[in-house]
Amino acid sequence: RPVPEFNFYWHQVIDSANIIPMSDPSTDLRIEESELNLVDRFRQSRNTSVLTIMFTDIQGFTRLTEERGDAFSNEVRQTHDSLLVPIIERDGAGRVIKHIGDAVMAVFSEPSTAVARALDIQEGLRKLNASHPNLPPILVRIGLHMGQVTVEDKMSLDVFGRHVNRASRVDR
């Protein structure tokens, strides 16, 4: 069955339900600041948000640590972090939640920004690796997943839930 065009459907709904047309000046669709604050307080009381979760993982980090030692692998991890964190948190678009060994867990409110930052990370790593041909390349896997997560901000911000678990599966 063909889908009616949007305009045709909209006029049909207005006519059949006696809805006030959008062009009527008495219909004010602006949302007041107090209403936004009310919605935000409700969201915070539920401790949930829809976020895009990013997990990164340095490929072969355990092997690198075993072969080259803790001091060398810590330098690699610090180089990794000094590249990734500024890219993720640039313009306040993302936030690093925690470091888990050689992994980074971060969140973004906009999925398109998370994807763009993942690409920026890979480009930054490509340039870093090219400028240091005498060192083993830093290869990073990145997992992204979007969904509703539980937000906890007791001692430090953290997120939990099945969408976090799905994003963390970068090595599977």
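Note that the structure is predicted; figures quoted are calculated from it, not measured.

> Just checking my understanding: could you explain the overall build of the chain for this structure?
A tally of helices and strands in the chain yields 6 helices and 5 strands. Sequence-ordered secondary structure for the chain, helices as α and strands as β, is α-α-β-α-α-β-β-α-β-β-α. Here the chain holds 172 residues, and the buried ones make up 30% of them. Counting contacts in the chain only where the partners sit at least 6 residues apart, residues at least 24 apart contribute 64% of the total.

> It is not clear to me how the environment of Asn74 should be interpreted in this structure. Could you clarify?
Mapped onto the secondary structure, Asn74 falls in helix H4 (residues 70-89). For Asn74 and Phe61, which are 13 residues apart along the polypeptide, the C-alpha to C-alpha distance reads 10.0 Å.

> Honestly, the nonpolar core in this entry has me stumped. Any pointers?
For soluble globular proteins, the rule of thumb is that nonpolar side chains tend to be buried together. Counting 19 residues, the largest nonpolar core has Met54, Ile88, Phe108, Ile121 and Ile138 as the members making the most contacts within it. Taken together, the elements giving at least two residues each to this core come down to strand E1 (48-58), helix H3 (61-68), H4, strand E3 (103-108) and helix H5 (111-131). The dominant element in this core, judged by the number of residues it contributes, is H4, at 5 residues. Discounting residues that sit within four places of it in the chain, Ile138 has contacts with Ile58, Val76, Thr79, His80, Leu125, Leu128 and Asn129. Phe55, Ile97, Met105 and Val149 belong to the second-largest nonpolar core, a separate cluster that totals 7 residues.

> Quick question: what am I supposed to make of the packing of H3 against H4 here?
When two helices pack together, their arrangement is captured by the angle between the axes and the distance separating the axes. Two elements in contact, H3 and H4, have axes separated by 7 Å at closest approach and are oriented at 140°. The angle between the axes of H3 and H4 places the two elements in the oblique class. Of H4, the residues touching H3 (which contributes Phe61, Leu64, Thr65 and Arg68) are Asp70, Phe72, Ser73, Val76 and Arg77. Of the residues contributing to the contact of H3 with H4, the split by class is 4 nonpolar, 2 polar and 3 charged.

> So what exactly am I meant to see when it comes to the packing of H4 against H5 here?
Where H4 contacts H5, the two axes come as close as 10 Å, and the packing angle between them is 145°. The hand of the H4/H5 crossing is right-handed. Residue-level inspection shows Thr79, Leu83, Leu84, Ile87, Ile88 and Glu89 of H4 in contact with H5, the latter providing Arg117, Asp120, Ile121, Gly124, Leu125 and Leu128. Taken together, the residues that form the contact of H4 with H5 break down as 7 nonpolar, 2 polar and 3 charged.

> Even after reading the chapter, I still don't get H3, so can you show me in this structure?
Looking at H3, one finds that the buried residues are Phe61, Leu64 and Thr65. Looking down the long axis of H3, one finds its buried residues gathered within 100° of arc, a one-sided arrangement. Exposed side of H3, more than 90 degrees from the buried face: Thr62, Arg63, Glu66 and Glu67 are the residues found there. Looking at the packing, one finds that the buried side of H3 touches E1 and H4. Directly beyond the C-terminal end of H3, a positive phi value near 95° is found at Gly69.

> How should I be thinking about the pairing of E3 in this particular structure?
Where a strand is regular, its side chains alternate between the two sheet faces. Counting buried positions over the 6 residues of E3 gives 6, a clear majority of the element. Every second residue of E3 is oriented toward a common face, with Ala103, Met105 and Val107 on one face and Val104, Ala106 and Phe108 on the other, all of them buried. Bridge count between E1 and E3: 5 bridges; the pairing is antiparallel. Bridge pairing links Phe55 to Met105 in E3.

Thresholds, definitions, all that
- Residues numbered from 1 in each chain as written.
- Predicted model: local features only at pLDDT ≥ 70, side-chain atom pairs only at ≥ 80, totals over all residues.
- Heavy atoms only, no water.
- Helix = DSSP H or I, 4+ residues; strand = E, 2+ residues; numbered from the N terminus.
- Buried < 20%, exposed > 50% of the residue type's maximum accessible area, 1.4 Å probe, protein only.
- Contact = heavy atoms within 4.5 Å.
- Core = buried A, V, L, I, M, F, W, Y, C linked by side-chain atoms within 4.5 Å.
- Axes fitted to C-alpha atoms, helices over the stretch in contact; angles between N-to-C directions.
- Parallel < 35°, antiparallel > 145°, perpendicular 65-115°, else oblique.
- Nonpolar A, V, L, I, M, F, W, Y, C, P; charged D, E, K, R; others polar.
- Left-handed = near helix turned anticlockwise from the far one by under 90°.
- Arc of directions from axis to C-beta.
- Pairing = 2+ DSSP bridges.

Scope: geometric values only; no functional claims are made or implied.
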